[in-house]
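# Secondary and tertiary structure notes
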Amino acid sequence: MTWISRRKVLSATGMSILSGGLGRLWGSEFAGDSRVDKAQKEGENEPLALANYEPASMLRLQETHVARARYPVIDFHTHLTHSAHTVNGVALGAERVIAGPPKEMLAVMERKNILALTNLTGGFGAGLQGAVSQYDKSFPTRFYTFTEPSYNLFQEPNYAQLQADAILSAHQAGACGLKILKTLGLYLSEQTTTGNLVKVDDPRFDPMWETCVGLQMPVAIHVSDPLAFFRPTDRFNERYEELSNHPDWSFAGPRFPSNDELLQARNRVFARHPRTNFVALHVGNLAEDLANVAENLDRYPNMNVDIAARLNELGRQPRATRKFFDKYQDRILFGTDATPQGEKFPQQVFNDSLYEIYFRFLETDDEYFDYAPAPIPPQGRWRISGVDLPDSILRKIYNQNAARLLNISVT
């Protein structure tokens, strides 16, 4: 066929060529066209939903399996019980739900070299007594339960004193510390569950903070969430998937205070109560900005932090994180945020795999591995690297710092 005749063919066939007609016209097989046709028929060119995207890394890297912690561990941040009656984010009843029987917890603890678990959400009143009986008293030295504020009393005119008295009663019932959930600052309102939000540094809580001093009860405080939770859930949000799956986790918009406002109010509490030992959970609620956390640690000697549920942030900045651990090695506690039966939240589900990831992060220099036991990263689509802590720091993180705050001895 000459070039002229080919031009005539092209003119005659027109758009049929675009659908693969040329190959049929010439009686020839065009692999490219046939693959396109096949893909279109099978729907292979349909856009891939992000939720179904599970890329397999092609990197060939060192993979270290750390089955047991090098030293005994005190997990300072777990949730073994939770409130059975919550309204608009505020726990109002004393009744507790037991998330996991202690014997099930102990089986994992023995395998992973976990010396003790601190159950931060022990509640108050009869619920607290039940949690202490179920865990602490049944298995001494293996469980330590914290109390929580009695927000059910918030409308009482003498709430400040009632709350201070409740802390004393909780201590007498066996509570080892006080846990502040982000209820304070983001949910508790002037009418308890409705109205304007109560600020973290509200003076009505001053007697509570001071009562903890005399009883040597550390305060584990969580008043904010990741920075992305305060941004619109749009295409620019690096945790778009997480917030889309859990829209109630978003604090974007004028209804809520900003992350900066919450942390400033918390810092005023630290300054006003210098004798109270605070543990600012989740790397001081600002793991995305270690320089800011460092400034606060320098400014407030009574501030400590834990690493619970923030390996995703720490592990994607391993060099900065290692420097942070080096400088503040006496004020960082091991924590996971682990919750029994928490499979919906793989970054905090209580199981062997979760602990092995934490151990690998702290004990090895492995690169680019998953920060949670899940096929899709639940807190952002990235992976982490280990910080390979020396033994002298590892011992402090694993147990010594927590033991000092809990006033217990570790052999």
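Coordinates for the structure precede this section.
Structural notes, computed from the coordinates. (Residues numbered from 1 in each chain as written. Predicted model: local features only at pLDDT ≥ 70, side-chain atom pairs only at ≥ 80, totals over all residues. Heavy atoms only, no water.)

Okay, the overall build of the protein next. In terms of helices and strands, the protein carries 16 helices and 12 strands. If you take every contact in the protein between residues at least 6 apart in sequence, the share linking residues at least 24 apart comes to 73%. With an accessible surface of roughly 19,600 Å², the protein has 51% of that area assigned to carbon and sulfur atoms. (Helix = DSSP H or I, 4+ residues; strand = E, 2+ residues; numbered from the N terminus. Contact = heavy atoms within 4.5 Å. Areas by Shrake-Rupley, 256 points an atom, 1.4 Å probe, with all protein chains shown as cover.)

In this section: the nonpolar core. Phe-205, Trp-209, Phe-324, Phe-334 and Phe-359 are the most contacted members of the largest nonpolar core, which has 91 residues in total. With 12 residues, the next largest nonpolar core counts Phe-146, Ala-220, Val-279 and Leu-281 among its residues. (Core = buried A, V, L, I, M, F, W, Y, C linked by side-chain atoms within 4.5 Å. Buried < 20%, exposed > 50% of the residue type's maximum accessible area, 1.4 Å probe, protein only.)

Before going further, it helps to examine the layout of surface pockets. Empty space within the largest pocket amounts to approximately 1,100 Å³. What lines the largest pocket is a set of 40 residues, and nearest its centre among them are His-79, Leu-181, Lys-182, Trp-249 and Gln-348. Secondary-structure elements contributing two or more residues to the lining of the largest pocket are strand 2 (81-83), strand 4 (90-91) and strand 5 (96-98). Among the elements that take part in the lining of the largest pocket, strand 2 stands out by supplying 3 residues, more than any other. (1 Å grid on protein atoms, 1.4 Å probe; cavity = no way out; pocket = protein on both sides within 12 Å on 5 of 7 lines; lining within 4 Å. Points joined across faces, edges and corners; volume = space filled by probe spheres on them.)

Before going further, it helps to examine empty space enclosed by the protein. With the rule as written, the count across this model stands at 2 cavities of 30 Å³ or more. By volume, the largest cavity is sized at about 50 Å³. Taken together, Ala-91, Arg-96, Gly-123, Phe-124, Glu-148, Pro-149, Tyr-151, Leu-181 and Thr-183 form the lining of the largest cavity. Looking at the second largest cavity, the residues that line it are Val-283, Val-305, Asp-306, Ile-307, Leu-314, Phe-324, Phe-325 and Ile-332. Contributing elements (two or more residues each) for the lining of the second largest cavity: strand 11 (303-306) and helix 14 (318-327). Of the residues belonging to the lining of the second largest cavity, the class tally is 7 nonpolar, no polar and 1 charged. (Nonpolar A, V, L, I, M, F, W, Y, C, P; charged D, E, K, R; others polar.)

Taken as a whole, this structure holds 23 salt bridges when the rule is applied. A salt bridge links Lys-112 to Glu-356, with the nearest nitrogen and oxygen atoms 2.7 Å apart. Here Lys-112, found in helix 4 (residues 102-112), pairs with Glu-356, found in helix 15 (residues 352-363); they are 244 residues apart in sequence, far enough to count as distant. The same class applies to Lys-112 as to Glu-356, namely buried. (Salt bridge = Lys/Arg side-chain N within 4 Å of Asp/Glu carboxyl O.)

The alternating pattern of strand 8 (residues 177-180) places Gly-177 and Lys-179 and Leu-178 and Ile-180 on opposite faces, both of which are buried. Pairing analysis gives 3 bridges linking strand 8 to strand 9 (residues 219-221), with the strands arranged parallel. Following the sheet pairing, Leu-178 is matched in strand 9 by Val-219. (Pairing = 2+ DSSP bridges.)

It is worth spelling out the side chain of Gln-347 at this point. Residue placement: Gln-347 occurs in the loop between strand 12 (332-333) and helix 15. Apart from the residues within four sequence positions on either side, Gln-347 is in contact with Glu-242, Trp-249, Thr-336, Leu-354, Ala-372, Pro-378 and Gln-379.

Residues of helix 12 (residues 290-299) that are buried: Leu-290, Val-293, Ala-294, Asn-296 and Leu-297. In an axial view of helix 12, the angular spread of the buried residues amounts to 160 degrees, which keeps them on one side of the axis. In the core, the buried residues of helix 12 are packed alongside helix 10 (259-272), helix 11 (281-285), strand 11, helix 13 (311-314) and helix 14. (Arc of directions from axis to C-beta.)

Okay, the sheet that holds strand 8 next. The strands that make up a sheet pair up through hydrogen bonds in the backbone, lying either parallel or antiparallel. Spatial ordering of the open sheet is given by 1-6-7-8-9-10-11-12, a layout of 8 strands whose pairing is parallel. Across the chains shown, the open sheet's two edge strands, defined by having one partner strand only, are strand 1 (73-78) and strand 12. This element, helix 4, spans strand 6 (114-119) and strand 7 (143-147) of the sheet and lies at about 140 degrees to strand 6. (Axes fitted to C-alpha atoms, helices over the stretch in contact; angles between N-to-C directions.)

For strand 1, the tally of buried residues reaches 6 of 6 residues, placing the bulk of the element in the interior. Bridge count for strand 1 against strand 6 is 4 bridges, and the pairing is parallel. Each bridged residue has a counterpart across the sheet, and for Ile-74 the counterpart in strand 6 is Ala-116.

Attention shifts here to the packing of aromatic side chains. All chains considered together, the criterion is met by 22 aromatic pairs. Aromatic rings pair up to connect Phe-334, Phe-350, Tyr-355, Tyr-358, Phe-359 and Tyr-398 into one cluster. The ring of Trp-382 carries Arg-316 above its face, with NZ or CZ at 3.7 Å from the centroid. Its end group placed over the ring of Phe-369, Arg-360 keeps NZ or CZ at 4.1 Å from the ring centre. (Phe/Tyr/Trp six-rings, centres within 6.5 Å; stacked < 30°, edge-to-face > 60°. Lys NZ or Arg CZ within 6 Å of the ring centre and 35° of its normal.)

Once that is clear, we can look at the packing of helix 4 against helix 15. Two elements in contact, helix 4 and helix 15, have axes separated by 10 Å at closest approach and are oriented at 35 degrees. Handedness of the helix 4/helix 15 crossing: right-handed. Residues Val-108, Arg-111 and Lys-112 of helix 4 lie in contact with helix 15, whose contacting residues are Asp-352, Tyr-355, Glu-356 and Phe-359. In terms of residue class, the contact of helix 4 with helix 15 is made up of 3 nonpolar, no polar and 4 charged. (Left-handed = near helix turned anticlockwise from the far one by under 90°.)

Let's shift gears to the environment of Val-132. The topology assignment puts Val-132 in helix 5 (residues 125-137). What makes Val-132 buried here is its relative accessible area of 2%. Measuring from C-alpha to C-alpha, the distance between Val-132 and Cys-176 comes to 9.9 Å, with 44 residues separating the pair along the chain. Once residues within four sequence positions are removed from consideration, Val-132 is found in contact with Lys-137, Thr-145, Ala-173, Gly-174 and Ala-175.

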